[in-house]
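Each chain, letter by letter, is given below.
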Amino acid sequence: MSDQKVQSEKKLPIIAINRDWCKACGICVAFCPKQVLSTREDGQPEVTQRDECIECMLCEYRCPDFAITVRSDDDESE
Ligand code: SF4
Ligand code: SF4
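Remember, predicted model here, so these are calculated numbers, not experimental data. (Residues numbered from 1 in each chain as written. Chains lettered and ligands numbered in written order. Predicted model: local features only at pLDDT ≥ 70, side-chain atom pairs only at ≥ 80, totals over all residues.)

S.K.: Please clarify how the overall build of the chain should be interpreted in this entry.
M.R.: Across its full length, the chain carries 2 helices and 4 strands. Put simply, the chain runs from its N terminus to its C terminus through helices and strands in the order β-α-β-β-α-β. Across the 78 residues in the chain, those meeting the buried criterion constitute 19%. Of all intrachain contacts in the chain linking residues separated by at least 6 positions in sequence, the fraction that spans at least 24 positions is 53%. (Helix = DSSP H or I, 4+ residues; strand = E, 2+ residues; numbered from the N terminus. Buried ≥ 20, exposed ≤ 12 C-beta atoms within 10 Å, placed from the backbone. Contact = placed C-beta atoms within 7 Å.)

Have a look at this one:
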């Protein structure tokens with residue numbers, strides 16, 4: 001990353017994926033309106049554009065296995 005600018009005011013959400021519960025259905029990736037999530041080779045999601053997340057919670061609500069959660073991180077101050 002050559003861009004040194006950091007959006008320090010913006011608090012990024014924590015997107016947690018429970019790898020044991022995830023069945024790699026791809027629903028969360030499909031429903032994310034901001035393409036925050038990508039599909040790994042094994043079919044499970046990974047967070048590739050966390051700074052794009054708008055905390056709409058669609059991924060969490062749509063996941064049939066409760067394997068992905070999104071929450072605000074008020075402590076982060078990188
Ligand atoms: S909360 Fe919304 S924007 Fe963020 S990863 Fe989930 S679906 Fe995408
Ligand atoms: S919707 Fe849930 S089970 Fe399906 S790929 Fe996403 S995290 Fe895994």
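Having seen it, we continue.
S.K.: Quick question: what am I supposed to make of the site of ligand 2 here?
M.R.: In the vicinity of ligand 2 lie 14 residues, with Cys-22, Cys-25, Ile-27, Cys-28 and Cys-63 positioned nearest. Tallied by class, residues from the shell around ligand 2 come to 10 nonpolar, 2 polar and 2 charged. (Near = placed C-beta within 6 Å. Nonpolar A, V, L, I, M, F, W, Y, C, P; charged D, E, K, R; others polar.)

S.K.: Explanation requested: the nonpolar core in the structure shown.
M.R.: One recurring pattern in soluble globular proteins is that nonpolar side chains are buried together. Counting residues in hydrophobic clusters, the biggest one holds 13 residues, and the most contacted among them are Cys-28, Cys-32, Leu-37, Cys-59 and Ile-68. Counting only elements with at least two residues in this core, the list comes to helix 1 (27–31) and strand 4 (68–71). When near neighbours in sequence (up to four residues on either side) are disregarded, Cys-59 contacts Cys-28, Phe-31, Cys-32, Leu-37, Ile-68 and Val-70. (Core = buried A, V, L, I, M, F, W, Y, C linked by C-beta atoms within 7 Å.)

S.K.: What is the right way to look at the environment of Ser-72 in this model?
M.R.: You can see Ser-72 is positioned in the segment after strand 4. The sequence separation of Ser-72 and Pro-13 amounts to 59 residues, and the corresponding C-alpha distance is 4.4 Å. For Ser-72, the residues in contact, after removing those within four places along its chain, are Lys-11, Pro-13 and Glu-55.

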